[in-house]
Amino acid sequence: MRFRRFLFAAIFAAGVCCTASSGSGGRTGGGGAGGASTGGSSGASGAVGGGGTGQGAGAPAGAAGNAGAGGTGGPGAAGAGDGGAAGVSDAGASDAGNGLGDAAGVGIDGALGGASKCASSTFQLCEDFESGALDTATWTVQGTAPTIDGTHVARGSKALHILDPNGAFTKLSEKKTFREPNDTYFARMFIYFKSLPVPTNSFNYSHWTIVGATGDGPGSGGEIRLGGQMLNGVNLWGVGTDNQSAGGTGDWTNIDQDRAPDGKPAYVPTGQWLCIEWMHAGPDTNETKFWWDGVEHTSIATTETQHGTKLSRAVPSAGTGNFILPNFTAVWIGWQDYSPGGETYEMWIDEIAIDHTRIGCEN
């Protein structure tokens, strides 16, 4: 014990002891959550916070924490104690420690906040709603008219606000970006659900859609959908169609079986921004793909032969054919619930982008 106290005093006197949060540990700022500094040995950087932006004697304020992987310091619990608070340094909080990243992809922590990126984008379409009014030259509204406000925003200062009471729907459709090369398009939006279907004694199933694409050609008999279903008390992402024409695949929805970005069951959450991406590839390949916060959910990817089917009584041959996508001419974004349960659904949508190639959450 006397040796440790002497060593600590000697280091402090030499002017090399600094803090991660005005504490007595590490050289230039401890790591993020999970980092620990033990007396006389280098403390490991936290897995979340990175190096922080610590300062101390011998390192200027705000210097990157690449020297702060440890240093010598007094004993401290992981991410706290004498080494300072997890992910926090004298110069401020670590850049990557506020918990929005995903466990297996790019996450959206760095994708949120700041100014809109639409003005500098080269996408075919990028809608940030910053003007405060809906661009009627681009969007056509069906159902309940949305508003634009700043209550919840992914970037910039405004976002589209949808408030639909029981049975109502809101669709913003656009045709400007179509037709696409090879009848294939990619899209991205940020969405914040304040409310989603909640089960009651008399209401235990709901089917809802937030994207619907249509077109002409062999696959024109139905809408290509992205949305979800409330099953067994929870909302799960789903993709499908309602093609009940002769030779179509019927009216079906494939339900997400992947894990969520944080590794938990993939329940659709409320009260936070989500980055949603999708791809619809037309008759050349007949594929659909879906990404949540930068991670592809392969369980709900579809191909011409791998998809859901459901026989239709009205058209006996519906549900027996391949999944043929249309030559796309339009897409709508918004909200529609096909089995309302007396609730009001509310959400915000921001930074809608459409292009020939995948867009990503950070752009």
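In case you missed it, the structure is sitting above this.
Residues numbered from 1 in each chain as written. Predicted model: local features only at pLDDT ≥ 70, side-chain atom pairs only at ≥ 80, totals over all residues. Heavy atoms only, no water.

Draft legend 1. Molecular detail of the pattern of salt bridges. Counted under the stated rule, the structure contains seven salt bridges. Taking the shortest distance from any N to any O, the salt bridge between Arg 225 and Glu 223 comes out at 3.0 Å. An identical accessibility class is assigned to Arg 225 and Glu 223; each is buried. Here Arg 358 makes a salt bridge to Glu 277, at a shortest N to O gap of 3.0 Å. Remark: Glu 277 occurs in strand 15 (residues 273-281) and Arg 358 occurs in the segment after strand 19 (345-355); sequence separation between them is 81 residues. One salt-bridge network, held together by shared partners, links Glu 223, Arg 225 and Asp 242. (Salt bridge = Lys/Arg side-chain N within 4 Å of Asp/Glu carboxyl O. Buried < 20%, exposed > 50% of the residue type's maximum accessible area, 1.4 Å probe, protein only. Helix = DSSP H or I, 4+ residues; strand = E, 2+ residues; numbered from the N terminus.)

Draft legend 2. The arrangement of the sheet that holds strand 9 (residues 170-174) in detail. Spatially, 6-9-18-11-12-13-14 is the arrangement adopted by the seven strands of the open sheet, whose pairing is antiparallel. Taken across any chain shown, the strands that pair with only one partner, and hence form the sheet edges, are strand 6 (140-143) and strand 14 (250-255). Averaged over all pairs of adjacent strands, the angle between strand axes in this sheet comes to 25°, irrespective of strand direction. Judged from the eight bridges that link them, strand 12 (residues 224-231) and strand 13 (residues 234-243) form a sheet pairing that is antiparallel. Bridged to Ile 224 within strand 13 is Thr 241. (Pairing = 2+ DSSP bridges. Axes fitted to C-alpha atoms, helices over the stretch in contact; angles between N-to-C directions.)

Draft legend 3. Representation of the pairing of strand 15 in the model. With nine of nine residues buried, strand 15 is to be regarded as a mostly interior element. The alternating pattern of strand 15 places Trp 273, Cys 275, Glu 277, Met 279 and Ala 281 on one face and Leu 274, Ile 276, Trp 278 and His 280 on the opposite face, and all of these are buried. Bridging between strand 10 (residues 184-193) and strand 15 involves nine bridges; their strand directions are antiparallel. Looking at strand 15, one finds that Ile 191 is bridged to Leu 274. Note that strand 15 and strand 16 (residues 287-292) share six bridges and pair antiparallel. When the sheet's bridge partners are listed, Met 279 is paired in strand 16 with Lys 289. In this antiparallel pair of consecutive strands, strand 15 and strand 16, the connection spans five residues, and Asn 286 shows a positive phi of 55°.

Draft legend 4. Focus on the nonpolar core. Grouped together as the largest cluster of nonpolar side chains are 45 residues, with contacts concentrated most on Phe 193, Ile 210 and Trp 237. Counting 10 residues, the second largest nonpolar core, distinct from the first, contains Ile 108, Phe 190, Trp 273 and Cys 275. (Core = buried A, V, L, I, M, F, W, Y, C linked by side-chain atoms within 4.5 Å.)

Draft legend 5. Local environment of the packing of aromatic side chains. Taken as a whole and judged by the stated rule, the model has 12 aromatic pairs. Aromatic rings pair up to connect Phe 193, Trp 208, Trp 237, Phe 290, Trp 292, Trp 335 and Tyr 345 into one cluster. The side chain of Lys 171 reaches across the aromatic face of Phe 169, ending 5.5 Å from its centre. (Phe/Tyr/Trp six-rings, centres within 6.5 Å; stacked < 30°, edge-to-face > 60°. Lys NZ or Arg CZ within 6 Å of the ring centre and 35° of its normal.)

Draft legend 6. Seen up close, unusual backbone geometry. The omega torsion of the bond from Phe 178 to Arg 179 falls at 5°, within 30 degrees of zero and hence cis. Considering the arrangement of structural elements, one finds Arg 179 in the loop between strand 9 and strand 10. Not every positive phi belongs to a glycine, and Phe 129 is a case in point at roughly 65°. The residue Phe 129 is located in the loop between strand 5 (125-127) and strand 6 in this model.

Draft legend 7. Inspection of the pairing of strand 10 at higher detail. Strand 10 sits mainly inside the fold: 10 of its 10 residues count as buried. With seven bridges connecting them, strand 10 and strand 19 associate as antiparallel partners. When the sheet's bridge partners are listed, Ile 191 is paired in strand 19 with Ile 349.

Draft legend 8. Broad picture of the environment of Tyr 267. Turning to its location among the elements, Tyr 267 is positioned in the loop between strand 14 and strand 15. Tyr 267 gets classed as partly exposed once you look at its relative accessible area, which sits at 43%. Taking the C-alpha atoms as reference points, Tyr 267 and Leu 236, separated by 31 residues in sequence, lie 5.1 Å from one another. With residues up to four places along the chain from it excluded, the contact list for Tyr 267 reads Val 234, Asn 235, Leu 236 and Trp 292. (Contact = heavy atoms within 4.5 Å.)

Draft legend 9. Focus on the side chain of Asp 164. One can find Asp 164 in strand 8 (residues 159-164). No salt bridge is formed by the buried Asp 164; the nearest opposite charge belongs to Lys 171, separated by 10 Å. A polar contact of 2.9 Å, which involves the side chain of Asp 164, links it to the side chain of Thr 170. Excluding residues within four positions of it along the chain, Asp 164 makes contact with Thr 144, Phe 169, Thr 170, Trp 335, Glu 343, Thr 344 and Tyr 345. (Lys, Arg positive; Asp, Glu negative; His and termini not counted. Polar contact = N/O pair within 3.5 Å; in protein donor to acceptor, adjacent residues only side chain to side chain.)

Draft legend 10. Representation of the state of the cysteines within the structure. One pass over the structure, following the stated rule, counts two disulfides. For Cys 118, the disulfide goes to Cys 126, at an S-S distance of 2.1 Å. Across the disulfide from Cys 118 to Cys 126, rotation about the S-S bond amounts to roughly -65°, and the bridge is consequently left-handed. Given a relative accessible area of 9%, Cys 118 falls into the buried group. Under the relative-accessibility criterion, Cys 126 is labelled partly exposed at 21%. The residue that forms a disulfide with Cys 275 is Cys 361, at a sulfur-sulfur distance of 2.2 Å. Linking Cys 275 and Cys 361, the disulfide has an S-S dihedral of approximately -100° and is accordingly described as left-handed. One end of the pair, Cys 275, is in strand 15; the other, Cys 361, is in the segment after strand 19, with 86 residues separating them in the sequence. Look at Cys 275 and you get buried, because its relative accessible area is 0%. The class for Cys 361 is buried, based on a relative accessible area of 1%. (Disulfide = S-S within 2.5 Å.)

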